[in-house]
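Architecture and fold: a report
These are the residues of each chain, in order.
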Amino acid sequence: MKKKTLSKSTWTYIVVILVWAVVMILQQAGALSSHLQGLLVPATYYAIVAVGLNICVGILGELSLGHAGFMCVGAFSSSLFSIAMQNTLPVGIRFPLAMLIGIAVAALFGFLIGIPVLRLNGDYLAIVTLAFGEIIKNILNALYLGVDSKGLHASFTSQMDLGLEADGTMLINGPMGISGTPRDANFTIAIVILLIALFVAQNLVNSRDGRAIMSIRDNRIAAESVGINITHYKMLGFVVSAAIAGAAGVLFSHSISTLQAGSQYFGYNVSILILVYVVLGGIGNISGSVLAAAVLYLLPELLRALSSYRMLIYSIVLIAVMLFNWAPAARNWRTKVAARLTKTFGRKERA
Amino acid sequence: MSQETTEKKPLLDVSNLSITFGGLRAVDGFQLQIQKGELYGLIGPNGAGKTTIFNMLTGVYKPNEGVILLDGQDITGHKTVEINRDGIARTFQNIRLFQDMPVIDNVKVGLQNQYHYSIAASIFHLGSYRKVEKEMDDAAMEFLKIFDLEKFRDYKAANLPYGQQRKLEIARAMATKPKLLLLDEPAAGMNPNETKELMDTIELIREKFGITILLIEHDMKLVSGICEKVTVLNFGRILRQGITKEVLRDPEVVKAYIGE
Amino acid sequence: MLSFLNYLISGISLGSIYAIIALGYTMVYGIAKMLNFAHGDFIMVGGYAIFTCMITLGMNPFVSILIAMGVCLLIGVGTEKIAYKPLREAGSPLAVLITAIGVSYLLENLALLIFGSNPKSFTSVVSWSGLTLAGGQLRIQGVTIVTIVVSLAVLLVLQWFVHGTREGQAMLAVSQDRGAATLMGINVNHTITLTFAIGSALAAVAGALLCSAYPTLTPYTGAMPGIKAFVAAVLGGIGSIPGAMIGGIVLGVIEILARTYISSQLSDAIVFGILVVVLLVKPTGILGKNIQEKV
């Protein structure tokens, strides 16, 4: 088992790198349409958030419907930093720092939101994370932030209200968001971030801390009875999950020209879309999330005919997968079939 | 302190333990002394309050009155997590394993508080990670061997046969290095063979670890077979307490059981 | 002062709609112990059903609402049978919740395919223009009054049903202890089906009122009000019928007043902030009861 998981995570890295290499070769050969090239970074950051969300759903066992909110704070905080440092730091230093800042801010929000949220569980936790995601989106959507010689000015009503001096700069222009973030991210950087996210997630799962988190998922009362500090480990899982979502947000904001806290980017529907990737890739299956996010994102974009039916198909598959994986009747049926197969082929059924 | 008084001081000393649920006194004036190394039985009809006592001993419920001393230390009102670190581990009437984790990882979670490396080592698998993980693997395998579970090490806990699941739960509890082990109906749902095997396992861990055990049981044969002393509980109160053979012959105890 | 009164009344009206939706949530949560994430989309289904009957087919509004209630009832009961019931014993609240999210997506995207993404402009089911008071300074729309009256009527009927009929008693029993209810000879499956039927039919009523008050109908019309109504149900105390009513009205009033006096951008943030505060300070809500996990 130990050997198997290790090699499985190694395989994931190899496949990701191979995909990257193939894409780079195709790009050099001019075989990629500009449409497809434009989809590469988004597909990768969706894969990254899916990895982050899977830590929350599959490893911690709690459903978050607010991960778009963590993407959102990661995107905004890193954008502000990059704009401020645009003329001061070279991109080779600026972007890694922006990345760290985005991750740190998302982790901080994960921690702060985790304090109230992790006291709840199940449906309540899901709906409260949704609430927090919407709160973040709404506040950033209503926020006007500017800077001038007198310092920072903030308002929730209008640009006029800021009372900026003539030399002042708008940083966040309400629903218009932030414009002018340097486009520091590209596909190669996105792949590197994805690899790091995978590395962190898979290592965590195979560690002392990861086991503690999973023990809470499997049985909170038993975990407590063997001395696992529930609050501590739930928080750890949640913060790591939020931090990875924040990293995706940094990629997002550094690959588009205008960053807006609109529903289409950071609403709860985005969180749900990512949840679809996680469920279809397999809850708790980290590499499955990457595959599902990449395929499910790219497929409808490439097959135009599919795109209007895309969400319909996903929703039906989602329901079917849940029923097949979780319904006791389906589980019994699978056990029976597995037993019959074992009998027929004499193979040993293992964990 | 002289040798004699330390020997007489019980490992677990519970006095006047009571709890009320919505006006109902579920446990009333419970008291119990268990000496180090003893195997003690707690029996009584359904609803007598046995599991409630376990839940108070392990911090799941807060008693309204009473004091719990473990090895002379007052642990009344400690949280469940702290109580495990104080030295009490337990199993559950309805088995509570970490279902989706491999058997060996169930035990490793029990070992958690004796082996440490930093969160950074967890996430980046730094130097200390490999060394400590190896130690944990070895320690966990020791436990699996004792409980004759080593061939199941990579099975998902949920896929174990019922009797083995009970054993794994005990193994996990023992991995936390407790002073006192609480077993909540360990033989429930077992066939006579499995029960026999369980009795042997309990004997084995007593020999190997010198562990003190408090056991809730319905199966009278099991209790009279292995427990030196018992407490009979009825309607939340102590009916009789003492040497197993004498207590089980007591007409009132017989009545309580036949009346069930 | 009069304008405040005006806002207050429209808050109560919006809150009454939330209350009707929240009733569906709270009953399903209390009895089937699940968060039916798709409940908000039943409202949208109801809205399109009424739109089709009333505007496309030119039927009487009242008949249209009855048909919509039937449609929603069938969809609600069908969803429960096909998607939720098989997972009832799955032992994971996540499984049912994720499935419910899938159902929500399914309904939204079906509506998108059938009716398109362009908003349909809805004609109010209430033709009465309303009251004009205080010499023309205070105008209360007909739909506002009807909404408030209907929600009160729904509350009274439900209270009578739950406390005064055999089926209602069975619901109470199942919500308190499903196992014990089974032992008492109550057909739990039947009771849960009935709960879904009532909740879904109410969603159609809510759809009629919502689309009459805010006359644009899209596949996503029901989603946000649905989530807010869940907030209302939690605020009032999940599982409590009068609680859903109180929670709904309080939430509606707060939302309208926040939109007017604080910021229209932030009113949703404030509504969700309330959810967070309630769950932290009094997770059982205004009228809810406490439940502890058995060890």
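For the structure itself, look to the data block above.
Residues numbered from 1 in each chain as written. Chains lettered and ligands numbered in written order. Predicted model: local features only at pLDDT ≥ 70, side-chain atom pairs only at ≥ 80, totals over all residues.

Summing up its helical and strand segments, chain A has 15 helices and five strands in all. Taken over C-alpha atoms, the radius of gyration comes to 22 Å for chain A, in line with the 20 Å a tight globule of 351 residues would show. The principal-axis extent of the C-alpha atoms belonging to chain A is close to 80 × 55 × 35 Å. Counting over 351 residues, chain A shows a buried share of 51%. Taking all contacts inside chain A whose residues are at least 6 apart in sequence as the whole, residues at least 24 apart take part in 75%. (Helix = DSSP H or I, 4+ residues; strand = E, 2+ residues; numbered from the N terminus. Rg over C-alpha atoms; globule rule 2.2 N^0.38 Å. Buried ≥ 20, exposed ≤ 12 C-beta atoms within 10 Å, placed from the backbone. Contact = placed C-beta atoms within 7 Å.)

On the chain C side, the residues contacting the 36 residues of chain A number 35 residues. Sorting the residues of the side of chain A that touches chain C by element identifies α5 (122-142), α11 (268-281), α14 (310-326) and α15 (328-345) of chain A as the ones contributing at least two each. The biggest single contributor to the side of chain A that touches chain C is α5(A), with 15 residues. In the side of chain A that touches chain C, the residues fall into 29 nonpolar, five polar and two charged. (Nonpolar A, V, L, I, M, F, W, Y, C, P; charged D, E, K, R; others polar.)

A separate point is helix α4 (residues 93-115) of chain C. All names here are of chain C. The first and last C-alpha atoms of α4 sit 33 Å apart over 23 residues, in line with the 33 Å expected at 1.5 Å per residue. The buried count for α4 comes to 17 of 23 residues, which makes it a mostly enclosed element. Looking one or two residues past α4, Gly116 carries a phi angle of roughly 80 degrees, positive in sign. (Expected span 1.5 Å × (residues − 1).)

Right, let's get into the nonpolar core. In globular proteins that are soluble, nonpolar side chains generally tend to be buried together. Core analysis: the biggest nonpolar cluster contains 300 residues, and Ile48(A), Ala50(A), Ala247(A), Cys72(C) and Val231(C) have the highest contact counts within it. Split by domain, this core shows at least three residues from each of two domains, domain 1 (10-87 + 178-260) and domain 2 (97-177) of chain B. Dropping the residues within four chain positions of it, Cys72(C) is found in contact with Phe42(C), Val45(C), Gly46(C), Ser200(C), Ala201(C), Ala203(C) and Ala204(C). (Core = buried A, V, L, I, M, F, W, Y, C linked by C-beta atoms within 7 Å. Domains from an automatic or database assignment.)

Residues and elements named next belong to chain A. For the pair helix α3 (residues 67-84) and helix α4 (residues 91-117), interaxial distance at closest approach is 8 Å and the crossing angle is 140 degrees. Note that α3 runs across α4; the crossing there is right-handed. For the pair α3 and α4, contact is made by Phe70, Val73, Gly74, Ala75, Ser77, Ser78, Phe81 and Ser82 and by Arg94, Leu97, Ala98, Met99, Ile101, Gly102, Ile103, Val105, Ala106, Phe109 and Gly110, respectively. (Axes fitted to C-alpha atoms, helices over the stretch in contact; angles between N-to-C directions. Left-handed = near helix turned anticlockwise from the far one by under 90°.)

Residue and element names in this part refer to chain B. Read across the sheet, four strands follow the order β2-β1-β4-β5 without closing on themselves; strand pairing throughout is antiparallel. Edge strands, defined here as strands with exactly one partner in the open sheet, are β2 (24-34) and β5 (73-74). Pairing between strand β1 (residues 12-21) and strand β4 (residues 65-70): five bridges, direction antiparallel. Paired with Asp13 across the bridge in β4 is Leu69. Packed on one face of the sheet, helix α2 (residues 50-57) meets β1, β2 and β4 and runs near 65 degrees to β2. (Pairing = 2+ DSSP bridges.)

Next up on the list: the sheet that holds strand β3 (residues 169-173) of chain A. All names here are of chain A. One open sheet accounts for three strands, arranged β2-β1-β3; its pairing is antiparallel. Lying at the two open borders of the sheet, with one neighbouring strand each, are β2 (151-155) and β3. Sheet twist, expressed as the mean angle between neighbouring strand axes with direction ignored, is 20 degrees. In this structure, strand β1 (residues 144-148) lies alongside β2, joined through five bridges in antiparallel fashion. Across the sheet, Tyr144 pairs through a bridge with Ser155, a residue of β2.

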